[in-house]
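What follows is each chain in one-letter form.
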Amino acid sequence: MGIQRIESVTYSIDDLDECVRFFDDFGLLLVERTDEHAVLETLTGQTLTLDTAPGDLLPPPVEDGPTLREVVWGVDTAEELDRLVAETARDRPVRLSADGVHHTVDETGFGVGLTLARPRPAPVTPRPANALGNVNRWNAALTEIARVRPLRMCHVALNIRKEGKDEAVAFYTDRLGFRPTDVVEPMGVFMQAPGDDDQHTMLLCHRPDRAGVNHIAYEVPGFDDVIEGGNFMIERGWREARRLGRHTIGSNVFRFLHAPCGGRVEYAADMDRVDDSYETRVHETTPPHHIWALRTNRDQDATSTA
Ligand SMILES: [Fe+2]
C-alpha cells in the first residue's frame, strides 16, 4: 500500500521552553527533554521534535525563523519502504540515520523522511449525543473535558512557490504515491496518502507564493475537544489564529492557533473520509473557505473569548 500516516515531524526553534510549554498545553505528551531538544507525542505515537540545533541530516530551512524542517512519513511494509526509497534516490541523495529513517528533500526544500510506520492504537469513545428520536445518553450529564489529547497528526499544509508548483506536487504524487483529492487551481492541491482515509493528508498551497510551514492539524475526538482545547490554549495565553469553523474542503471542524515553532496548529474533528471511489475534484475557482465560522456581534463584550 505505501505511506500510512505522518510518523514524525521536526521543527528548528529558538526558545525550547516556550515551544515545550505550547505543545504541553496543546495536549501532546512529553517523552524526552534535553537542553537542546524535546520530543513530544500524540496518543497514536507520532512524534514531534523541537530542536534548537538540528543535525546536518536536514536540508537548510526554507524560511527564516523557527519553522518545520522535516516530515517523516510512515510506510506499512519494508518492501514498500525500499521501493519508495529507491524511487526518491533516483535524482537526490537519501541518507539513512541510526533510527531507521531515510532522509531526503522535496522540490521546495522541505525535509522528507521515510520509515516504517509504528502506529499505536488509541481507542476513541465519542461522546454519545442526543437528538429527538436518537437518544444515546440517558441519565448522564456531560462534564468538562479535563485535558484535550490529540489523537494524531492528521494532515500537514505547506506553502510552496507558484513557480514549479506542478513539479512540487508531482514529487508527492508520482514518487510517494499520494493521490490528489481536490485540486483548487488558484490555491493548491489537497492529497491523500495511500494508507489514509482522510480526505487530505497533505496540502501544498501555492497561493502565498513563498515557501514555509502553513500548519499541521491534529485530530481530536469531537467538537467539544476542538472548542475546549482552543479555550484552554487561550486561557494559557496563546494566540488564536482562526476561530472555530467548519471547512468546505474536507468538512473538518477547525480551530487554529499561532505556534511558537513556526506556522500554526489546528485542532480538527470530523473530517470527511474518502476511498478510491472519490474521484479527483478540480476547482477552477477557490471554493468558500468554510461552510460556517463562529460569528459574534458581541466582540466588544469584555467577557468574550472569541
Ligand atoms: Fe488543516
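Residues numbered from 1 in each chain as written. Predicted model: local features only at pLDDT ≥ 70, side-chain atom pairs only at ≥ 80, totals over all residues. Heavy atoms only, no water.

1. Some remarks on the sheet that holds strand 2 (residues 29–33)
Definition in use: Only strands that DSSP links by at least two bridges are regarded as paired with each other. Elements are defined by DSSP. Helices are runs of H or I of four residues or more, strands are runs of E of two residues or more, and each kind is numbered from the N terminus.
Strand order in the open sheet made by the eight strands is 2-3-4-1-5-8-7-6, with mixed pairing throughout. Each of the sheet's edge strands pairs with one partner strand only, and the pair in question is strand 2 and strand 6 (95–96). Of the pairings in the sheet, the one linking strand 3 (residues 37–41) to strand 4 (residues 47–51) comprises five bridges and is antiparallel in character. Residue pairing for strand 4: Glu41 is matched across the bridge by Thr47.

2. Observations concerning the coordination of the iron ion
As a reminder of what qualifies: Each metal's donors comprise the N, O and S atoms found within 2.8 Å of it (within 3.2 Å for Na, K or Ca). Water is not part of the atom list, so some coordination spheres may appear incomplete.
Only His155 (NE2), His215 (NE2) and Glu266 (OE) from the protein coordinate the iron ion, and they sit 2.0 to 2.2 Å from it. Donor residues for the iron ion sit on one chain with the sequence pattern H-x59-H-x50-E. In this pair, His215 is assigned in strand 15 (residues 212–219) and Glu266 in strand 18 (residues 264–269), connecting sequence segments 51 residues apart.

3. So, the nonpolar core
In summary, soluble globular proteins display a tendency toward joint burial of nonpolar side chains. Applied cut-off: As used here, the term nonpolar core means buried Ala, Val, Leu, Ile, Met, Phe, Trp, Tyr and Cys residues forming a set that is joined through side-chain atoms within 4.5 Å. Between buried and exposed lies partly exposed: a residue is buried under 20% and exposed over 50% of the maximum accessible area for its type, with that area taken using a 1.4 Å probe on protein chains only. By definition in these notes, contact holds between two residues if any of their heavy atoms fall within 4.5 Å.
Counting residues in each nonpolar core, the largest one holds 59 residues, and the members touching the most others are Phe23, Leu48, Leu50, Trp73 and Tyr172. With six residues, helix 1 (residues 16–26) is the largest single contributor of residues to this core. Once residues within four sequence positions are removed from consideration, Leu50 is found in contact with Tyr11, Ile13, Leu16, Cys19, Val20, Phe23, Glu36, His37, Ala38, Leu40 and Cys261.

4. Notes on helix 1
Think of an α-helix as 3.6 residues a turn; residues three or four steps apart then line up on the same face. All of the buried residues along helix 1 are Leu16, Cys19, Val20, Phe22, Phe23, Asp25 and Phe26. Immediately beyond the C-terminal end of helix 1, within one or two residues, lies Gly27, with a positive phi of roughly 120 degrees.

5. Examining the sheet that holds strand 17 (residues 253–258)
Stated precisely, the cut-off is as follows: Each axis is a line fitted through C-alpha atoms, taken for helices only over the stretch in contact, and angles between the N-to-C directions span 0 to 180 degrees.
An order of 19-12-13-14-11-15-18-17-16-20 is seen for the 10 strands of this open sheet, with the pairing classed as mixed. Since the sheet does not close on itself, it has two edges, and those belong to strand 19 (281–283) and strand 20 (290–293), each with one partner. Each strand axis lies, on average, 25 degrees off the axis of its neighbour in the sheet, ignoring direction. Note: strand 12 (residues 179–184) against strand 13 (residues 188–192), five bridges, orientation antiparallel. Note on strand 13: the bridge partner recorded for Val184 is Gly188. Helix 1 contacts strand 15, strand 17 and strand 18 of the sheet and is inclined by roughly 10 degrees relative to strand 18.

6. Examining unusual backbone geometry
In this structure, Asn139 is a non-glycine residue whose phi angle is positive, near 55 degrees. Within the secondary structure, Asn139 sits in the loop between strand 10 (134–135) and strand 11 (152–159). Residue classification places Asn139 among the exposed residues on the basis of a relative accessible area of 81%. A positive phi is found at Ser251, a non-glycine position, where the angle reads about 65 degrees. Counting through the fold element by element, Ser251 comes out in the loop between strand 16 (240–247) and strand 17.

7. What to know about the packing of helix 2 (residues 78–89) against helix 3 (residues 165–175)
Quick reminder of the rule: Handedness of a helix crossing follows the sense of rotation of the near helix relative to the far helix, less than a right angle counterclockwise being left-handed and clockwise being right-handed.
At a closest axis distance of 10 Å, the pairing of helix 2 and helix 3 adopts a crossing angle of 145 degrees. For the pair helix 2 and helix 3, the crossing hand works out as right-handed. Between helix 2 and helix 3, the contacting residues are Leu84, Glu87 and Thr88 on the first element and Phe171, Asp174 and Arg175 on the second.

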